[in-house]
Amino acid sequence: MLAAYVEAANPDDPLAALRVGDRPEPVPDEGWVLVRVEAAALNRHDLFSLAGVGLPPSRMPMILGTDAAGTVDGRDVIVHAVIPSSGWSGDATFDPKRTLLSELHQGTMATLVAVPRQNLLDRPGWLTAEQAACLPTAWLTAYRMLTRDSGLRVGDTVLIQGASGGVASAATALASALGFRAWVTGSSEVKRSAALERGADAAFEPGARLPERVDAVIETVGEATWAHSLRSLRPGGTIVCAGATSGFNPPAELNRVFFQQLRVIGSTMGTIDEFRELLDLMQRTGVRPTIDRVLDLADAEQGFRAMAEGSLQGKIVLRPPSA
Ligand SMILES: NC(=O)c1ccc[n+]([C@@H]2O[C@H](COP(=O)([O-])OP(=O)(O)OC[C@H]3O[C@@H](n4cnc5c(N)ncnc54)[C@H](OP(=O)(O)O)[C@@H]3O)[C@@H](O)[C@H]2O)c1
């Protein structure tokens with residue numbers, strides 16, 4: 001079957017590690033099913049995998065992709081990407097041995113993917129397969145950051161660092177839908193304008209002094225924005241951090257953290273119940289993912305390149321060839 005995969009990581013030039021070609025069809029374990037993939041979305045995680053981050057050589061070749069929508073025996077499904085270790089019960093994101101698809105088990109950028117049956121959700125008819133494929137990583141993460149983790153209440157202001165990214169664009173749209181005032185930073189005028197169209201109440205240049213301090217910050221950029229995030233929070237405010245694309249080691253500025261009594265909360269993915277809540281919110285409010293482009297899986301390299309260059313808005317979706 002056709003798949004986008006990594007055979008040998010390349011930390012210096014991740015795109016050079018991308019392979020699109022034939023891979024064996026997965027064989028489902030007991031309790032797992034084969035999903036025929038209709039749409040798989042691209043995440044920064046896939047670029048990190050090409051660089052070998054979190055993916056040791058012993059697990060390669062590895063098909064990329066954490067997110068998919070597809071069909072199982074004629075049923076339209078969305079795949080929840082968090083795979084607990086066997087015997088784990090409860091919130092899988094707290095299982096120390098949990099993985100995402102494409103970390104231990106083969107990923108979603110292929111004609112077929114094997115997943116635990118318990119990881120399937122029904123895809124509602126009001127959501128296309130392409131829209132549904134955007135949700136399992138970026139949208140679910142943004143949902144948990146804003147709801148469980150941020151401490152935000154209706155009318156509060158949230159700063160979202162990085163306007164165009166998958167998580168950031170989801171957070172912008174969801175913050176609006178949840179009744180928060182959404183401020184974003186964006187690295188270009190085009191990205192800032194697009195964020196305003198997605199529901200942001202104001203858009204600022206990176207590092208800008210804000211009109212007032214915010215109640216919470218949604219942080220996935222890391223080193224490049226961390227100091228600004230700390231500076232922008234009101235006393236007692238919350239940074240929710242789910243990623244660090246630009247680097248993992250910003251100056252901690254602990255003096256600001258304790259003196260302003262800031263809360264720094266780590267966040268990762270979400271549960272299948274939170275996924276159902278997200279779908280419910282989307283149905284009630286009509287909020288939908290921004291899809292930059294839909295590409296044939298055979299053209300995956302074009303999508304990876306756009307992500308690496310930062311020249312996209314929202315999500316890129318790949319479509320495997322239909323049977
Ligand atoms: N913990 C979790 O469960 C989880 C889940 C999803 C994602 N993540 C992490 O969250 C991060 C974002 O993921 P994504 O898929 O949304 O990525 P993405 O779509 O590639 O988005 C990249 C974002 O980074 C921003 N950015 C700003 N300054 C940057 C700089 N100096 N260098 C690089 N990027 C910069 C961009 O902002 P502009 O629009 O201003 O250019 C853009 O919003 C990644 O680190 C990813 O691993 C974690």
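Everything that follows concerns the structure shown earlier in this document.
The structure presented is a predicted model; accordingly, all values stated were derived computationally and were not measured.

What counts and how
Residues numbered from 1 in each chain as written. Predicted model: local features only at pLDDT ≥ 70, side-chain atom pairs only at ≥ 80, totals over all residues. Heavy atoms only, no water. Near = heavy atom within 4 Å. Polar contact = N/O pair within 3.5 Å; in protein donor to acceptor, adjacent residues only side chain to side chain. Areas by Shrake-Rupley, 256 points an atom, 1.4 Å probe, with all protein chains shown as cover. Helix = DSSP H or I, 4+ residues; strand = E, 2+ residues; numbered from the N terminus. Phe/Tyr/Trp six-rings, centres within 6.5 Å; stacked < 30°, edge-to-face > 60°. Buried < 20%, exposed > 50% of the residue type's maximum accessible area, 1.4 Å probe, protein only. Lys NZ or Arg CZ within 6 Å of the ring centre and 35° of its normal. Pairing = 2+ DSSP bridges. Axes fitted to C-alpha atoms, helices over the stretch in contact; angles between N-to-C directions. Contact = heavy atoms within 4.5 Å. Parallel < 35°, antiparallel > 145°, perpendicular 65-115°, else oblique. Arc of directions from axis to C-beta. Salt bridge = Lys/Arg side-chain N within 4 Å of Asp/Glu carboxyl O.

Engineer: Quick one: what's the story with the site of the ligand, residue by residue and with numbers?
Structural biologist: If you check the shell around the ligand, you find 26 residues, and the closest are S164, G166, S187, K191 and A242. Measuring from an oxygen atom of the ligand, one finds a backbone N or O atom of G162 at 3.3 Å. Within the backbone of G165, an N or O atom sits 2.9 Å from an oxygen atom of the ligand. Relative to its unbound accessible surface of 920 Å², the ligand loses 81% to contact with the protein. Among the elements of the structure, α1 (44-50), α3 (135-149) and α4 (166-177) are those that each provide at least two residues to the shell around the ligand.

Engineer: With reference to specific residues and values, describe the packing of aromatic side chains.
Structural biologist: A full pass over the atoms with the stated rule returns one aromatic pair. Ring centres of W183 and F204 lie 5.5 Å apart, and the angle between their planes is 65°; this geometry places the pair in the edge-to-face category. Here W183 is found in strand β12 (residues 181-185), whereas its partner F204 is found in strand β13 (residues 202-204), with 21 residues between them in sequence. Each member of the pair W183 and F204 is classed as buried. The aromatic ring of Y5 is capped on one face by R23, whose charged end is 5.2 Å from the ring centroid.

Engineer: Provide a residue-level description of the sheet that holds strand β16 (residues 263-266), including the pertinent values.
Structural biologist: Strand order in this open sheet of six strands is β13-β12-β11-β14-β15-β16, and the pairing throughout is parallel. Pairing within the sheet leaves two strands with one partner each, and these edge strands are β13 and β16. Within the sheet, the average angular offset between the axes of one strand and its neighbour, ignoring direction, is 20°. Pairing analysis gives three bridges linking β12 to β13, with the strands arranged parallel. Paired with T185 across the two strands is F204, which belongs to β13.

Engineer: Residues and numbers for the environment of E253, please.
Structural biologist: As for its placement among the helices and strands, E253 is situated in the loop between β15 (233-241) and α7 (254-259). Given the relative accessible area of 26%, E253 is considered partly exposed. For the pair E253 and L230, spaced 23 residues apart in sequence, the C-alpha separation works out to 8.2 Å. Apart from the residues lying within four places of it in its own chain, the contact partners of E253 are A227 and L230.

Engineer: How would you explain the packing of α3 against helix α8 (residues 272-285) if you had to name every residue and give the values?
Structural biologist: As a packed pair, α3 and α8 sit with axes 10 Å apart at the nearest point and diverge in direction by 90°. Our classification of the angle between α3 and α8 gives roughly perpendicular. Two secondary-structure elements touch here, α3 through L135, P136, W139, L140, Y143, R144 and R148 and α8 through E274, F275, E277, L278, L279, L281 and M282.

Engineer: Mind laying out the environment of E223, listing which residues take part and the relevant values?
Structural biologist: On the secondary structure map, E223 appears in the loop between β14 (214-219) and α6 (226-232). C-alpha separation for the pair E223 and F180, spaced 43 residues apart in sequence, amounts to 25 Å. Setting aside its immediate chain neighbours within four residues, E223 contacts S246, G247, F248, N249 and P250.

Engineer: How would you summarise helix α9 (residues 300-309) if you had to cite specific residues and measurements?
Structural biologist: Inspection of α9 places A300, G303, F304, A306 and M307 among the buried residues, and these make up the whole buried set. Taken down its axis, α9 places every buried residue within 160° of arc, on the same side. Positive backbone phi, approximately 75°, marks G310, located one or two places after α9.

Engineer: Could you give an account of the pattern of salt bridges, with specific residues and numbers?
Structural biologist: Across all of its chains, the model carries 16 salt bridges by this definition. Between E274 and R144 there is a salt bridge whose closest N-O contact spans 2.9 Å. Of the two residues, E274 is situated in helix α8 and R144 in helix α3; the sequence distance between them amounts to 130 residues. A relative accessible area of 2% places R144 in the buried class. Two residues, R256 and E253, come together in a salt bridge whose shortest N-O distance is 3.4 Å.

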